[in-house]
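Given next are the chains, with one letter for each unit.
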Amino acid sequence: MQLTIPELRQARNPTTFVDNMRLPVHRWFRYSAGFSAEFVRSQLEDVDEATVLDPFAGSATTLLATQFGGWESIGVDPHPFVSRVAEAKLSWTADVSEFESASSLIASTARPKELPAELPSLLTKAYPRETLKELLGFLAAVESVDASEEVRRLLWLAFVAIVRPTSPVGTAQWQYVLPNRTKATSMTPADAWMVQTTMMAADMAEMQATRRVVPPARFLAEDARLERPEIPDAWASHVITSPPYANNYDYADATRLEQSVLGEVSGWSDLKEIRKDLVHACSQHMSGYDTDEALAHKALDPIRDELLPPYRRLSELRLERGGRKAYHSMIVAYFLDLALVWQQLRRVVAEGGTACYVVGDSAPYGVHIPVERWLGALAVDAGFADPRFEKTRDRNTKWKNRKHRVPLHEGYLWLRG
Ligand SMILES: C[S@@+](CC[C@H](N)C(=O)[O-])C[C@H]1O[C@@H](n2cnc3c(N)ncnc32)[C@H](O)[C@@H]1O
């Protein structure tokens, strides 16, 4: 179902992934950090031609919405798990009957697998042993199936998409696994596999029947802070994106359950490896970071005078609070990282092009950080013009159970190339 622009503006949460769960292909994997495909579509509705770049492409919402609208796109995201999800979703053009045969073969040949003596504790908390054996049996069958590269990507996605629905404990929509909570319903791996692969095959058939022209959508599993020579000068007419927020969301931890089942993560130190190419947006990312060097970086010139007071306040508050979280250095690193991305974008965005960032402000330890204003200033310094912010919703307005009472908001930050 497609919403009109006025409907979209009225929608409860136009900046979140929730509505995507009704849209073909988008719904294959629920990425809690994702944003609305309808929003992307609304941005491109009245344009004659578009080449769209998403420097924080996540699970490829922008790329798919742009492709389904008939335009070319490029996305960038170095997260090793999320980028695989994106690449798999972009394989919706694969042969449907090959996908169906391979998924049926897996369903009929997968056998429960003996568990290793040592298991990450997250897995023993998230699954009964028999369920885990069955799940790992599906993984082994997916890994050994004989199929084309595209179909193998789709089968991998079908597998990772059943990891949460098959756990009986709370695998919250937000990042954490809650072993003490019980889900209202969970599925067996065999049932979940059937539901997921049937849905994927139906979506592929529908989209292939209705989309005769499929413009290229290219995904670069890379760091957007660095030069991306794969993207030509002045290539993008539009940037449509949502960066990480400065709100302590840990993108490495967010996919920990799936990556533990895949055998890619067994403890905290593995998460460190995943974070290394990511924008600094959580305090866990800050150990060993040289904040003085970052503060002196030229790219922070436009906001340094404003950044220093909250930086100093957070350095003090940290000593008074139990968690001693490194929010002071996190905000410095965050704005430096996003300044570097603006600098890279300047080369690849056409003169007169449009950049739209979906952003929210934050208030670590109750210290307000005016994110959209500072991001706008950094963009102007990098060569963009006319920053304009349109608020779409208030956040943190229900005080109960909140760590602070600072009202926050979310919305669209527009710049002209
Ligand atoms: C808010 S999410 C975007 C989600 C996306 N709009 C979607 O619908 O799936 C921010 C994304 O930025 C990515 N990211 C973090 N550091 C990055 C970097 N250095 N370069 C590019 N992307 C990065 C994260 O992995 C995350 O997927």
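Residues numbered from 1 in each chain as written. Predicted model: local features only at pLDDT ≥ 70, side-chain atom pairs only at ≥ 80, totals over all residues. Heavy atoms only, no water.

## Section: the site of the ligand
What counts is decided by this rule: Any residue with a heavy atom lying within 4 Å of a molecule or strand is counted as near it. In the analysis that follows, any N or O atom pair within 3.5 Å is treated as a polar contact, provided that within protein one partner can donate a hydrogen and the other can accept it, and provided that, for residues neighboring in sequence, both atoms belong to side chains. Residues are sorted three ways: Asp, Glu, Lys and Arg are charged, Ala, Val, Leu, Ile, Met, Phe, Trp, Tyr, Cys and Pro are nonpolar, and all the rest, Gly among them, are polar.
Not every one of the 25 residues close to the ligand is listed here, only the nearest: Tyr31, Ser59, Thr61, Asp77 and Asp223. Contacts to the ligand include Ser59, whose side-chain N or O atom sits 2.7 Å from an oxygen atom. Take Asp77: an N or O atom from its side chain is 2.7 Å from an oxygen atom of the ligand. Split by residue class, the shell around the ligand holds 14 nonpolar, six polar and five charged.

## Thoughts on the confidence of the model for the chain
The condition is simple: Scored from 0 to 100, pLDDT reflects the predictor's confidence in each residue. Contact between two residues is taken to exist if any of their heavy atoms lie within 4.5 Å; hydrogens are not considered.
Overall, the predicted model of the chain reaches an average pLDDT of 92, with 94% of residues at or above 70. Taken together, the stretch residues 1–12 has pLDDT below 50 and engages in 20 contacts with residues farther than four places along the chain or on a different chain.

## Structural notes on helix α5 (residues 96–109)
Definition in use: Put simply, DSSP marks the helices as runs of H or I at least four residues long and the strands as runs of E at least two long, and each gets a number from the N terminus on. Expected span of a helix: the number of residues minus one, times 1.5 Å. Categorising residues by exposure relies on relative accessible area from a 1.4 Å probe, with only protein chains included: less than 20% of the type maximum marks a residue as buried, more than 50% marks it as exposed, and the intermediate range marks it as partly exposed. Working note: the arc is built from the helix axis to C-beta atom directions.
The end-to-end C-alpha separation of α5 is 20 Å, in line with the 20 Å expected for 14 residues at 1.5 Å each. For α5, the set of buried residues is Val96, Phe99, Ala102, Ser103 and Ile106. Across the axial projection of α5, the buried residues extend over an arc of 135°, all falling on one side.

## With respect to helix α7 (residues 129–144)
Helix length check: α7 (16 residues) gives 23 Å between terminal C-alpha atoms against 22 Å at 1.5 Å per residue, within 8%. If you check which residues of α7 are buried, you get Thr131, Leu132, Lys133, Leu135, Leu136, Gly137, Phe138, Leu139, Ala141 and Val142.

## Details of unusual backbone geometry
Most of the time, phi is negative for any residue but glycine, and the peptide bond is trans. Despite not being glycine, Ala60 shows a phi value in the positive range, around 75°. By the secondary structure assignment, Ala60 is in the loop between β1 (51–54) and α3 (61–68). Positive phi outside glycine occurs at Arg324, with the angle close to 50°. Tracing the chain through its elements places Arg324 in the loop between α14 (304–320) and α15 (327–348).

## With respect to the nonpolar core
As a reminder, the rule being used: In this text, buried Ala, Val, Leu, Ile, Met, Phe, Trp, Tyr and Cys residues form a nonpolar core when linked through side-chain atoms within 4.5 Å.
Trp28, Tyr127, Leu155, Leu157, Phe159 and Trp193 are the most contacted members of the largest nonpolar core, which totals 64 residues. For this core, the leading source of residues is helix α8 (residues 149–161), giving nine residues. Phe159 has contacts with Leu135, Phe138, Leu139, Val142, Trp193, Val261 and Leu262, leaving out every residue within four places of it along the chain. Counting residues in hydrophobic clusters, the runner-up holds 55 residues, among them Ile231, Ala236, Val332 and Tyr365.

## Notes on the packing of aromatic side chains
In plain terms, the rule: When the centres of two rings from Phe, Tyr and Trp lie within 6.5 Å, Trp using its six-membered ring, the rings pair. Their planes under 30 degrees apart give stacked, over 60 give edge-to-face, and anything left gives tilted. A ring has a charge above it when a Lys NZ or an Arg CZ is no more than 6 Å from the ring centre and no more than 35 degrees off the ring normal.
The final tally for this structure, using the stated rule, is 14 aromatic pairs. Note on Tyr249 and Tyr251: the rings are 4.7 Å apart at their centroids and 80° apart in plane angle, and the pair reads as edge-to-face. Relative accessible area serves as the criterion here: at 3%, Tyr249 is assigned to the buried category. Relative to Tyr365, the ring of Tyr327 has its centre 4.8 Å away and its plane inclined at 75°; by these criteria the two rings are edge-to-face. With Tyr327 in helix α15 and Tyr365 in the loop between β7 (349–360) and α16 (371–382), this residue pair connects regions lying 38 residues apart in the sequence. We classify Tyr365 as buried; its relative accessible area is 18%. Members of the aromatic cluster, joined through ring pairs, are Phe35, Phe39, Tyr412 and Trp414. Between the NZ or CZ atom of Arg275 and the centre of the ring of Trp268, over which it lies, the distance is 5.0 Å. It is Arg346 that lies over the ring of Phe384; its NZ or CZ is 4.7 Å from the centre.

## Description of the packing of α7 against α8
This is how the line gets drawn: Axes, fitted as lines to C-alpha atoms, cover a helix only where it is in contact. Angles between the N-to-C directions of the axes lie from 0 to 180 degrees. For this classification, under 35 degrees means roughly parallel, over 145 means roughly antiparallel, 65 to 115 means roughly perpendicular, and everything else is oblique.
Where α7 contacts α8, the two axes come as close as 10 Å, and the packing angle between them is 175°. The angle between α7 and α8 falls in the class roughly antiparallel. Taking contact as the criterion, the partners of Leu135, Phe138, Leu139, Val142 and Glu143 in α7 are, on α8, Arg152, Leu155, Trp156 and Phe159.

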